[in-house]
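# Examining the three-dimensional arrangement
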Amino acid sequence: MTALREYQRLEAAGLWRANREDQRRNVIVSIGDATLTITNMQDQPLAHWSLAAVERQNPGQYPAVFHPDGDPGETLELAEDETAMLEAIEKLQLAIEGARAHPGRLRTVSVLGSLSLIAALLVFWLPGAMMRHTVSVVPEIKRKAIGQALLGRIERVSGQVCSTPETAPILIRLAERTGARQIVVLRAGVTSSLHLPGDIILLNRSLIEDHEDPAVAAGAVLIERARAQAKDPLAEVLNSGGVLASFRLLTTGKLDRSSLDRYAEAMVSAPRPEVPEEKILAAFAQAAIPSTPYAYAQDITGEAVLGLIEADPMAGRILEPVLNDRDWVQLQSICGA
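The rules behind the values
Residues numbered from 1 in each chain as written. Predicted model: local features only at pLDDT ≥ 70, side-chain atom pairs only at ≥ 80, totals over all residues. Heavy atoms only, no water. Pairing = 2+ DSSP bridges. Helix = DSSP H or I, 4+ residues; strand = E, 2+ residues; numbered from the N terminus. Axes fitted to C-alpha atoms, helices over the stretch in contact; angles between N-to-C directions. Phe/Tyr/Trp six-rings, centres within 6.5 Å; stacked < 30°, edge-to-face > 60°. Buried < 20%, exposed > 50% of the residue type's maximum accessible area, 1.4 Å probe, protein only. Lys NZ or Arg CZ within 6 Å of the ring centre and 35° of its normal. Salt bridge = Lys/Arg side-chain N within 4 Å of Asp/Glu carboxyl O.

Before going further, it helps to spend a moment on the sheet that holds strand E8 (residues 182-186). With mixed pairing, the three strands of this open sheet are ordered in space as E8-E10-E9. Where the open sheet ends on each side, the last strands, each with one partner, are E8 and strand E9 (193-196). Averaged over all pairs of adjacent strands, the angle between strand axes in this sheet comes to 20°, irrespective of strand direction.

Structural data, given as structure tokens:
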């Protein structure tokens, strides 16, 4: 101990008595290995006190009176002028106390650390874990119901979906051709396309009305399905609704209207996440639909989508058309004037 080495040769004169009945005796006090050694004037040891167990009876008063812990009858008096020894005793006691284990303090630190860990888990881990669990257990029939409910809320922003008796079976054929369950065409609200829970894909009317090749609309559907494979559409809904939306769906099987509205207002105009080019090409190859028409619809110069043009998996092949000309022309009038 550094402090001990500093005071190893320190001595002081004092008065000592073994018990209350004894007379006080002149003694020499020196500091040993974490002890006070008390000797008589002939340098004969009379007592050894552990510094860690020395108590002062009269703090702030002089002469300073010390006794061993638990034995107030044995005392040692040091005069006020023994400043160095008094300071040494106080300093060494503080050093010993600082080096001593503090179970209560350690327990407090452990408890606070555990509480901090629990709080961090609640804030950072629990919401994501709850959302992932909820997404994994919601049945398909419930997903379809959520998708239809969302579509109803989105119609408040976009207007009523485009539909005619003649085009309904054509949309069904387009859905079958692209592997989707349901395709819905909107007049506005959706910037390009959007995938709702229950495999409901929304398309802006421009994807149908502004292009001569049905492969453009089909390509938008394929890319939305690729996005859904990367991130479940239900997870997007729950993310926008927060942890309460996940908890409510998990416990009641329902999403409240405010959660649906938040998603509808935030997502219909938000840019869609990018899909890696290799995943896009794989989706077009699986559906046997050329990627070139969709690529040129995104960039008429072809520069920004060169990979979709040069690596078109259907290039040079004779393909069954996505829709026949008659159906496509009729579908282009789905939203009327």
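Below, the discussion takes up the packing of aromatic side chains. Summed over the entire model, instances satisfying the criterion amount to one aromatic pair. Pairing Phe284 with Tyr294 gives two aromatic rings, centres 6.2 Å apart and planes at 45°, and the pair type is tilted. Here Tyr294 lies in helix H12 (residues 292-298) and Phe284 lies in helix H11 (residues 277-287), a separation of ten residues in the sequence. Classification of Tyr294 by relative accessible area gives buried; the value is 10%. One cation-aromatic arrangement involves Arg56 over Tyr62; the distance from NZ or CZ to the ring centre is 5.2 Å.

Read across the sheet, seven strands follow the order E4-E3-E2-E1-E7-E6-E5 without closing on themselves; strand pairing throughout is antiparallel. With one partner strand each, in any of the chains shown, strand E4 (45-50) and strand E5 (54-56) form the two edges of the open sheet. Each strand of the sheet is rotated relative to its neighbour by a mean of 35°, with strand direction disregarded. The pairing of strand E6 (residues 64-68) with strand E7 (residues 75-78) spans three bridges and is classified as antiparallel. Across the sheet, residue Phe66 finds its bridge partner in E7, namely Leu76.

This part takes up the pattern of salt bridges. Tallied over the entire structure, the rule returns seven salt bridges. Among the ionic pairs, Glu224 bridges to Arg272, the shortest N-O distance being 3.1 Å. Remark: Arg272 occurs in the loop between helix H10 (257-267) and H11 and Glu224 occurs in helix H7 (residues 215-230); sequence separation between them is 48 residues. Summarising the burial analysis for this pair, Glu224 and Arg272 share the class buried.

Structural measurements only, silent on function.
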